[in-house]
Amino acid sequence: MAGGLMQVHVKRIVSHKPFGTIFTGEVLDGEQAGDSVQVKAYAARLIGVPSKDEIWTVSGPIKNTKWGDQIEAEYAYRQRPTGKLVVSFLSNSCPGIGQTRAKRLWDKWGNELASVLSSGNVAEIAEIIAPGRPILSVRLASLVCREWKKHEAESDLASWFQSHGIDSTRLLKICANTFGKQAVDRLRSNPWCMASMMNWKEVDTLGLKVLAEIGSAAPDRSNKRLLGAVDSAVRDILASGSTAMSLFDFESLLEQKLDDFKRVYEAIELGVKFGAIIGRDGLWLPPGSAFMERAVVGALRQLENNGIKVDEQNVRDILRTLSAGYVKPDEEQFQAMLHILRSPLSCLVGGAGTGKTTILRYVVRLWHRLGGNVLMATLSGKAALKLSQSTGLLAKTLTRTLAELQEDHDEEEHDLAEINERTLVVVDEASMVDLATFHSLMKHMKKGSRLLLSGDPAQLPPIGFGLVFHRLVNDDSITVRLNKIYRQTEDSGIPLVAKAIREKHMPAFDQYHSRGESVSFIPASLDSIPAIVEQVAEDLGGFDGDLMIVTATNRGPAGVDRLNRLFHDKYKQQANLPELKGSLGQYFCPGEPVIHLKNDYQRTVFNGSLGKVLNVDRDKHSLTANLDDKFVSFDAGQLIDLSLAYAITCHKCQGSQVKRVIIPVYQTRLMDPSWLYTAITRAEKQVVLVGGGKEIERTLEREFAADCRKVGFEWHK
């Protein structure tokens with residue numbers, strides 16, 4: 001059935017969840033005027049939260065469902081209330097108002113109420129809203145005016161977007177939060193102010209159109225356009241993970257955007273004048289990231305030794321006690337620990353099997369015995385759990401740690417993260433921590449506190465912009481390098497293959513023979529990869545918690561979606577089990593592997609937590625899963641946080657390890673030495689690569705992902 005753009009009078013809220021809302025209403029315009037309709041809208045598609053008796057503009061197709069006609073909203077926003085709808089808006093949207101006080105305002109001003117609220121005359125409104133209560137009346141009147149103007153601005157902005165063919169609710173929300181009630185005026189005068197938020201071609205087309213409409217003689221030569229191009233170029237720099245760009249590359253990027261080389265130097269001159277770009281040592285730097293880099297370097301240099309004395313013999317004596325019943329550290333490992341304990345700033349670097357976890361376990365315990373306290377943080381929840389298990393001390397994610405550091409600490413809240421002059425802060429997976437996160441952490445470091453960064457620079461770099469760890473490890477005075485391989489049995493070749501990849505050499509693969517301890521390769525065309533992966537998974541014993549498929553992309557013949565669907569359909573057919581549809585079109589059966597997609601601290605499950613579905617309840621549209629040895633229930637709204645995990649991307653499995661890994665190898669720009677290295681080192685015993693041998697060669701010819709970034713972070717001895 002046709003849909004399109006229509007106005008809907010909200011009659012009833014059927015369901016409201018964090019991920020979206022369902023409401024029923026009456027269509028007010030168009031061919032469907034007078035019809036009842038149900039609207040289903042994800043939160044990302046909504047500008048605001050619907051309430052009863054509001055008028056909403058909704059765009060999307062109408063489908064016939066068992067609940068009747070339903071619109072799956074592509075976007076939806078609240079219309080500015082008029083008439084008696086203002087009363088409903090005030091009572092629903094303004095805490096403390098209610099129907100009685102809202103009706104007082106209507107009785108006083110009637111149809112003029114909207115204009116009165118827009119004027120913002122707090123004193124006049126206060127006299128009516130709560131007579132005889134001067135303090136409360138002023139507070140309520142201020143609240144009413146603020147909420148009215150906020151929603152009035154959102155409605156005006158949504159209408160402006162609609163009139164100019166922009167249907168991005170994400171962009172609308174960003175503009176509303178950034179520019180507030182002046183958003184429409186800002187966009188009318190300078191549409192290129194959105195250049196850092198949206199695709200350049202789209203914003204440039206819009207800008208040229210808007211300026212032409214207001215009579216600008218030469219919109220293509222407008223200074224606003226030139227500054228917008230600089231902002232867009234800065235956006236491109238940061239989106240690539242870099243925080244700097246060479247002069248030549250920056251000029252070329254601007255020329256592509258402006259399509260006029262003559263205007264490039266004018267744009268750069270304007271960018272420098274208004275602080276949109278910074279020039280330094282033959283590089284152009286985004287000002288925000290340049291500030292963060294300077295701040296992080298300054299904070300790192302201020303770290304200093306505190307009053308804790310680290311005597312070598314005392315450390316040896318303590319270590320002798322701690323290592324009782326365990327493998328005793330050798331001299332290389334001991335010297336690494338001693339260096340770390342004596343340094344205000346240190347980096348621990350090592351590849352697969354070199355014993356980083358062993359060093360960390362002893363360092364944190366030694367530091368405790370020496371009289372200090374330890375704060376441990378990792379990027380992912382799965383890695384935090386693993387670090388906690390290996391050290392015997394609590395580790396948290398960096399996100400949670402930073403949130404706790406910003407809180408006020410009561411004496412009773414002993415479990416909140418805290419840094420003082422005797423704290424050793426340990427950041428594991430530091431190679432994956434971006435500049436913004438380092439900047440946030442360094443603001444909380446105290447005089448005398450110490451920092452230990454542990455990681456592997458050969459792994460995938462941060463998803464966000466910047467490189468800190470990769471630059472620091474070039475300083476031998478603060479870096480401990482572990483080169484000796486400890487985690488390797490006589491039959492396992494994983495550490496040696498990983499070492500070859502670090503050195504960009506083609507590894508010597510074993511011949512595939514089924515289940516064992518080896519790194520083997522099976523040649524296959526792209527189309528045949530799924531079938532071979534399916535057979536290998538069966539050979540290796542299936543998905544019993546010890547097997548994972550790590551692939552490069554979500555889409556494509558050997559991507560996450562295709563492989564997960566393949567194994568799900570096969571499992572369902574063989575087991576004849578009940579099936580539950582999830583929020584993202586996935587299906588779940590009892591016994592299937594799943595992965596949690598975000599951090600949930602209340603239920604102590606994290607982004608990357610792996611497990612299995614235990615049971616499904618199709619009547620209640622819910623399921624129970626075992627994630628990291630915890631029983632966790634998911635209702636219909638929470639299923640959006642769960643995904644099948646027969647196959648996952650490399651970024652999702654960082655911080656996780658299983659006994660066996662299958663890796664499809666095919667042509668994609670995402671596959672470089674760091675990707676291949678990270679995927680292989682997820683396995684403890686066996687790796688099977690399936691795909692094109694030439695693709696492995698091409699992968700090893702590429703640069704490591706981190707080496708492709710250009711940054712302004714400068715660290716010298």
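Residues numbered from 1 in each chain as written. Predicted model: local features only at pLDDT ≥ 70, side-chain atom pairs only at ≥ 80, totals over all residues. Heavy atoms only, no water.

Draft legend 1. Main features of helix H6 (residues 169-179). Taken together, the buried positions of H6 are occupied by Thr169, Leu171, Leu172, Cys175, Ala176 and Phe179. Angularly, the buried residues of H6 cover 155 degrees about the axis, an arc narrow enough to put them on a single face. Residues of H6 that are buried make contact with strand S4 (46-47), strand S8 (75-78), helix H5 (134-163) and helix H7 (183-189). Of the residues trailing H6, Gly180 is marked for its positive phi of about 60 degrees. (Buried < 20%, exposed > 50% of the residue type's maximum accessible area, 1.4 Å probe, protein only. Helix = DSSP H or I, 4+ residues; strand = E, 2+ residues; numbered from the N terminus. Arc of directions from axis to C-beta. Contact = heavy atoms within 4.5 Å.)

Draft legend 2. Representation of the packing of helix H20 (residues 494-502) against helix H24 (residues 673-680). Taken N-terminus to C-terminus, the directions of H20 and H24 make an angle of 170 degrees; their axes are 9 Å apart at the nearest point. One finds that H20 runs roughly antiparallel with respect to H24. Residues Ile494, Val497, Ala498, Ile501 and Arg502 of H20 pack against Pro673, Leu676, Tyr677 and Ile680 of H24. Residue composition of the contact of H20 with H24, by class: eight nonpolar, no polar and one charged. (Axes fitted to C-alpha atoms, helices over the stretch in contact; angles between N-to-C directions. Parallel < 35°, antiparallel > 145°, perpendicular 65-115°, else oblique. Nonpolar A, V, L, I, M, F, W, Y, C, P; charged D, E, K, R; others polar.)

Draft legend 3. Broad picture of the pairing of strand S28 (residues 658-665). With respect to burial, S28 is a largely interior element, seven of its eight residues being buried. Inspection of the sheet shows strand S19 (residues 547-551) paired to S28 by three bridges, in the parallel sense. Within S28, the position partnered with Ile549 by the bridge is Ile662. As defined by bridge partners, S28 adjoins strand S29 (residues 683-691) across seven bridges and the pair is classed as parallel. Following the sheet pairing, Val658 is matched in S29 by Ala683. (Pairing = 2+ DSSP bridges.)

Draft legend 4. Geometry of the side chain of Arg361. Along the chain, Arg361 falls in helix H15 (residues 356-369). One buried charge, Arg361, has no salt-bridge partner; the nearest side chain with opposite charge is Asp428, at 11 Å. (Lys, Arg positive; Asp, Glu negative; His and termini not counted. Salt bridge = Lys/Arg side-chain N within 4 Å of Asp/Glu carboxyl O.)

Draft legend 5. View of the domain arrangement of the protein. Along its sequence, the protein is organised into domain 1 (5-164), domain 2 (190-285), domain 3 (294-482) and domain 4 (494-701). Each of domain 1 and domain 3 has a C-alpha centre, and the two are 51 Å apart. (Domains from an automatic or database assignment.)

Draft legend 6. Structural context of the environment of Thr358. With respect to the element layout, Thr358 can be found in helix H15. The spacing of Thr358 and Ile135 is 223 residues in sequence and 63 Å in space, taken between C-alpha atoms.

Draft legend 7. Molecular detail of the nonpolar core. If you look at the biggest cluster of nonpolar residues, it comprises 68 residues, and the most contacted ones within it are Leu623, Ile662, Ile663, Trp675 and Leu689. Structurally, this core is a two-domain feature, drawing no fewer than three residues from each of domain 3 (294-482) and domain 4 (494-701). Discounting residues that sit within four places of it in the chain, Leu689 has contacts with Phe509, Val519, Ser520, Phe521, Ile522, Ile663, Val665, Leu676 and Ile696. Core analysis: the second largest hydrophobic core is formed by 45 residues, Ala233, Val234, Ile237 and Val264 among them. (Core = buried A, V, L, I, M, F, W, Y, C linked by side-chain atoms within 4.5 Å.)

Draft legend 8. Looking closely at the sheet that holds strand S12 (residues 345-350). Across the sheet, six strands lie side by side as S14-S13-S15-S16-S12-S17; this open sheet has parallel pairing. One side of each edge strand has no neighbouring strand; the edge strands of this open sheet are strand S14 (395-397) and strand S17 (479-482). Neighbour-to-neighbour, the strand axes of the sheet open up by a mean angle of 20 degrees, direction not taken into account. Here S12 pairs with S17 via four bridges, running parallel. For Cys347, the partnering residue across the bridge sits in S17 and is Thr479.

Draft legend 9. Region of interest: the sheet that holds strand S2 (residues 20-27). Spatial strand order, S4-S8-S5-S1-S2-S3-S7-S6: eight strands in an open sheet with mixed pairing. Bordering the open sheet on either side are S4 and strand S6 (62-65), each of which pairs with just one other strand. Pairing analysis gives eight bridges linking strand S1 (residues 4-17) to S2, with the strands arranged antiparallel. Paired with Ser15 across the strands is Ile22, a residue of S2. Contacts between H5 and the sheet are confined to S1, S4, strand S5 (55-60) and S8, with S8 contributing the most and set at about 140 degrees to the helix.

Draft legend 10. Summary view of the pattern of salt bridges. Taken as a whole, this structure holds 25 salt bridges when the rule is applied. In this structure, the salt-bridge partner of Glu266 is Arg263, at a minimum N-O distance of 3.1 Å. Here Glu266 and its partner Arg263 are both found in helix H11 (residues 261-273), three residues apart, which amounts to about one turn of the helix. On the accessibility criterion, Glu266 (32% relative accessible area) is partly exposed.

Draft legend 11. Molecular detail of the packing of helix H10 (residues 247-258) against H11. In contact at an axis separation of 9 Å, H10 and H11 are set at 115 degrees when each is read in the N-to-C sense. Crossing of H10 over H11 shows right-handed handedness. Two secondary-structure elements touch here, H10 through Phe250, Glu251, Leu254, Glu255 and Leu258 and H11 through Phe261, Arg263, Val264, Tyr265, Ala267 and Ile268. Here the contact of H10 with H11 is composed, by residue class, of eight nonpolar, no polar and three charged. (Left-handed = near helix turned anticlockwise from the far one by under 90°.)

Draft legend 12. Focus on unusual backbone geometry. Despite not being glycine, Glu429 has its phi angle at roughly 60 degrees, a positive value. Here Glu429 is to be found in the loop between strand S15 (423-427) and helix H18 (435-442). A positive phi angle, near 100 degrees, is found at Ser514, a position not held by glycine. By the element assignment, Ser514 lies in the loop between H20 and strand S18 (519-523). Under the relative-accessibility criterion, Ser514 is labelled partly exposed at 26%.

Draft legend 13. Region of interest: the packing of aromatic side chains. A complete count under the given rule lists eight aromatic pairs for this structure. Considering the side-chain rings of Phe250 and Trp284, the 6.0 Å spacing of their centres and the 40 degrees angle between planes classify their relative orientation as tilted. On the criterion of sequence distance, the pair formed by Phe250 in helix H10 and Trp284 in strand S11 (residues 283-285) is long-range, its members being 34 residues apart. Accessibility classification places Phe250 together with Trp284 in one group, the buried group. In this structure an aromatic cluster arises from ring pairing among Phe543, Phe567 and Tyr646. (Phe/Tyr/Trp six-rings, centres within 6.5 Å; stacked < 30°, edge-to-face > 60°.)

Draft legend 14. How the structure looks around the side chain of Arg225. As for its position among the elements, Arg225 is in helix H9 (residues 223-239). With a relative accessible area of 7%, Arg225 lands in the buried category. Non-local contacts of Arg225, meaning those with residues more than four positions away in its chain, are made with Trp192, Trp200, Asp204, Leu208, Pro219, Asp220, Lys257 and Leu258.

Draft legend 15. Main features of the pairing of strand S16 (residues 450-455). When you tally the buried positions in S16, you get six out of six residues, the bulk of the element. Of the two faces of S16, both are covered, the one formed by Arg450, Leu452 and Ser454 as well as the one formed by Leu451, Leu453 and Gly455. At this point the chain moves from S15, through H18, to the parallel S16, and the crossover so formed is right-handed. (Right-handed = clockwise from strand over helix to strand, strands pointing away.)

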